[in-house]
Amino acid sequence: MTSTDSPSRAAQTPDPNADGVDPTLEADVFARGCNSRAALQNATGRWGALALAALNEGPYRFSALRRRVDGVSERMLSQTLQTLERDGLVHREVLETIPPKVEYSLTELGADVAAKITALIELLESQVPKIVASQASYDARNQLSLSES
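Just so it is clear, the model here is predicted, and its values are computed rather than measured. (Residues numbered from 1 in each chain as written. Predicted model: local features only at pLDDT ≥ 70, side-chain atom pairs only at ≥ 80, totals over all residues. Heavy atoms only, no water.)

## Concerning the nonpolar core
We count it as follows: Remark: nonpolar core denotes a set of buried residues (Ala, Val, Leu, Ile, Met, Phe, Trp, Tyr, Cys) joined through side-chain atoms within 4.5 Å. Exposure classes here rest on a 1.4 Å probe applied to the protein chains alone. A residue is buried below 20% of its type maximum, exposed above 50%, and partly exposed in between. In this text, helices come from DSSP runs of H or I with a minimum length of four residues, and strands from runs of E with a minimum of two, each type numbered from the N-terminal end. Any two residues having at least one pair of non-hydrogen atoms within 4.5 Å are treated as being in contact.
By size, the foremost hydrophobic cluster in this structure holds 21 residues, and its most contacted members are Leu52, Leu55, Leu65, Leu77, Leu81 and Val90. Counting residues per element, this core draws most heavily on helix H3 (residues 46–55), which supplies six residues. In this structure, Val90 is in contact with Leu52, Leu55, Leu81, Leu84, Glu85, Tyr104, Ser105, Leu106 and Thr107, ignoring residues within four places of it in sequence.

## Topic: the pattern of salt bridges
Note the following rule: The term salt bridge refers to a side-chain nitrogen of Lys or Arg lying within 4 Å of a carboxyl oxygen of Asp or Glu.
Overall, the coordinates contain one salt bridge when judged by the stated rule. Taking the shortest distance from any N to any O, the salt bridge between Glu57 and Arg68 comes out at 2.6 Å. Of this pair, Glu57 sits in the loop between H3 and strand S1 (60–61) while Arg68 sits in helix H4 (residues 62–68), and the two are eleven residues apart along the sequence. In this structure Glu57 comes out as partly exposed when scored by relative accessible area, which is 48%. Using a relative accessible area of 46% as the deciding quantity, one classes Arg68 as partly exposed.

## Re the environment of Val102
In this structure, Val102 sits in strand S3 (residues 101–106). Residues Val102 and Arg61, spaced 41 residues apart in sequence, show a C-alpha to C-alpha distance of 5.7 Å. With near-sequence residues (within four places) excluded, Val102 lies in contact with Tyr60, Arg61, Phe62, Arg92, Glu93 and Val94.

## Looking at the pairing of S3
Our working rule: A strand pair is defined by DSSP finding two or more bridges across the two strands.
In the sheet, S1 pairs with S3 via two bridges, with the strands oriented antiparallel. Along S3, the bridge assignment pairs Tyr60 with Tyr104. Bridge analysis of strand S2 (residues 90–95) against S3 gives six bridges, and the strand direction is antiparallel. Across the sheet, residue Glu93 finds its bridge partner in S3, namely Glu103. With antiparallel pairing between neighbouring strands as the criterion, S2 and S3 make up a hairpin whose turn holds five residues.

## Remarks on the confidence of the model for the chain
Let me state the cut-off plainly: pLDDT: the predictor's confidence for each residue, scored from 0 to 100.
Put simply, the chain has an average pLDDT of 87, and 83% of its residues get 70 or more. Counted against residues more than four places away or in other chains, residues 1–17, with its pLDDT under 50, gives ten contacts.

Here it is as structure tokens:
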């Protein structure tokens, strides 16, 4: 291509959208600025993964979901659900009852993500004896190393 054939510098540089993200860039979770990295963190963090897996069973009201995800605080579950809703994985619906109730369910994208997380959970649960044995072996080796130093 000759210099007369090449597009101008301005035409070569794509304009980022309003969020400052270049829409022509391919998603790459390993790249520091990639939006998929934050979504991955939100979906696979402890409470995000458990909330998605629970919602994979069906819609839940907040209090029932909190009971299902044992150990999560009300505040943490609320923040987690807001983040997952922002990422497009969870749908929040206010039910017109007295008193008003809120129900959470998965979006189509959320169902796809939750299915993968649930498969991972099932794999790990099926391998608990191997995991526990490996942990015990590791701990014994490291305890021995510490006592020798």
